[in-house]
Every structure is written in structure tokens, then in C-alpha cells.
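# Residue-level structural notes
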Amino acid sequence: MITVFGEGRGFRVVWLLEEMGLPYRLRPVDLQAGVENDDEFLSINPAGIIPAIQDGDVTMVESIAIMEYLMARYGPTPLAPAPHDPAFPAYQQFLHLGEAGLAASAYFVGGARNFAPEAERDNWSARQALSVFTSRLGLVTRQLERTPYLAGDAFTAADISAHFGLELAQRFGGVPLGEAERAYLDRLNAREACKRAMDVCQALKEAWANTPPAR
């Protein structure tokens, strides 16, 4: 049984597991309450960040690395195109861009806009993070003008990765998305595995229900 610690980016892992039909359990981690007294979680991940997984003797953190591990360990799966597949380069690019280019920068935009003192909510670093997000979003937009999914005609784990970054931006970061991105998110959110994952991740579901997308 694979144990997933924490929601947030852990939603990616839960969704992937639902798509692959692998057994797992979600172990909530309350970051707002603080993890300093959560000895079980800290024994798994002393850094105190989510998500983390425990799979037998294997312990891992970082959502994209976890996804790659699960697909390699329990695949093959169409969620990860093979290296000889023409879709592989785009798949690799957007799998990592979903975190490094989208979610990471959206996190800092949202942090500044929601938690910084009023005078610092539009500081230089916040504007830089927004600029990074916007430039990477342009790559997503261009790809969606060509194909329905980021690696081409088929849904892959790259879409799971990008989905969280885009939702984080428009809900937590207050960044409006264009028509192409909104239609893309509608397609992804309609997937049965995505719906099941959201029902499992109740804290994230509630948080997003309380933060409508920016328009």
C-alpha cells in the first residue's frame, strides 16, 4: 500500500494513482497547524514539506519526482510516453514546466498577494514571479493552440502536472487565465480519475471551492 502524505501538490500524486488504478491511502498533513508535533510525518520527511510518499522501503518527496518514480516502478503506462514516441519531448518539457515554471512561480505570487504586508504585496520579487509565470504560460497557450493536451492528442502525466500549476495560479495567485487554458482545465476536471482524486483530497477541494478562479 502506497501512502501519500499531504494534499496540495500531493493532489498530483493522488490523481496519478487514480489514473493508474494503484492502491494507496492519503495521510493528511496540516501545514497550517504546523508539523513540528507531527512526529510520524517528520520521520518520513524531516524537511516538513508536502507531498511525500512511502512505498515499502522507498520514501520520496517532490511531486514530479514521485510521479516519475510511480510510472517507472508500476508502468508502463500511457501516462508516460516512451522515449521513442514523438510525444516524448513535449511530455518531458511540460511535465517539469508544470512545477518549475507554473506552480513554483504561482506559489510566490499567491504568497505575496495573500500573506505579505499590504505595502509589500506588489514588490519586486512578486512582480518577477508573476513575470516568470506569464512567460511559461505563453508556452502552454501556444501548445494548446496546436493540440488538446500538452504532449499532443493524448492525456499524459504532463497534464496532471500543469493542471495544478494553472489552478494554483488562478485560485491562490489571482491570475486570470485565457479561454484556451480555461477550456483545457474544464477537460481535465471532467476526467473521472480527477474527480475521484478531488473527492479524496477534501481539504484541497474545500479550499478551491472557497477561492473562485480569477477572471
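Please refer to the structure placed before this passage.
Fair warning: this is a prediction, and the values are worked out from it, not measured in the lab.

### Points about the state of the cysteines
Tallied over the entire structure, the rule returns 0 disulfides. Cys201 supplies the cysteine sulfur nearest to Cys194, a cysteine that is in no disulfide, at a spacing of 9.8 Å. The exposure class of Cys194 is buried, given its relative accessible area of 2%. Judged by its relative accessible area of 0%, Cys201 falls in the buried class.

### Observations regarding the sheet that holds strand S1 (residues 2–5)
Sheet architecture is open: 4 strands sit in the order S2-S1-S3-S4, paired in mixed fashion. Sheet topology places strand S2 (24–27) and strand S4 (58–61) at the edges, where each strand pairs with a single neighbour. Within the sheet, the average angular offset between the axes of one strand and its neighbour, ignoring direction, is 20°. Pairing geometry for S1 and S2, over 4 bridges, is parallel. Within S2, the residue paired with Ile2 across the bridge is Tyr24. Across the face of the sheet, helix H3 (residues 63–74) comes into contact with S1, strand S3 (52–55) and S4 while running at roughly 140° to S4.

### Describing the pairing of S1
Here S1 shows two buried faces, one formed by Ile2 and Val4 and the other by Thr3 and Phe5. Sheet topology places S1 next to S3; 3 bridges connect them, and they run antiparallel. In the strand pairing of S3, Thr3 is matched with Gln54.

Criteria and thresholds
Residues numbered from 1 in each chain as written. Predicted model: local features only at pLDDT ≥ 70, side-chain atom pairs only at ≥ 80, totals over all residues. Heavy atoms only, no water. Disulfide = S-S within 2.5 Å. Buried < 20%, exposed > 50% of the residue type's maximum accessible area, 1.4 Å probe, protein only. Pairing = 2+ DSSP bridges. Helix = DSSP H or I, 4+ residues; strand = E, 2+ residues; numbered from the N terminus. Axes fitted to C-alpha atoms, helices over the stretch in contact; angles between N-to-C directions. Contact = heavy atoms within 4.5 Å.

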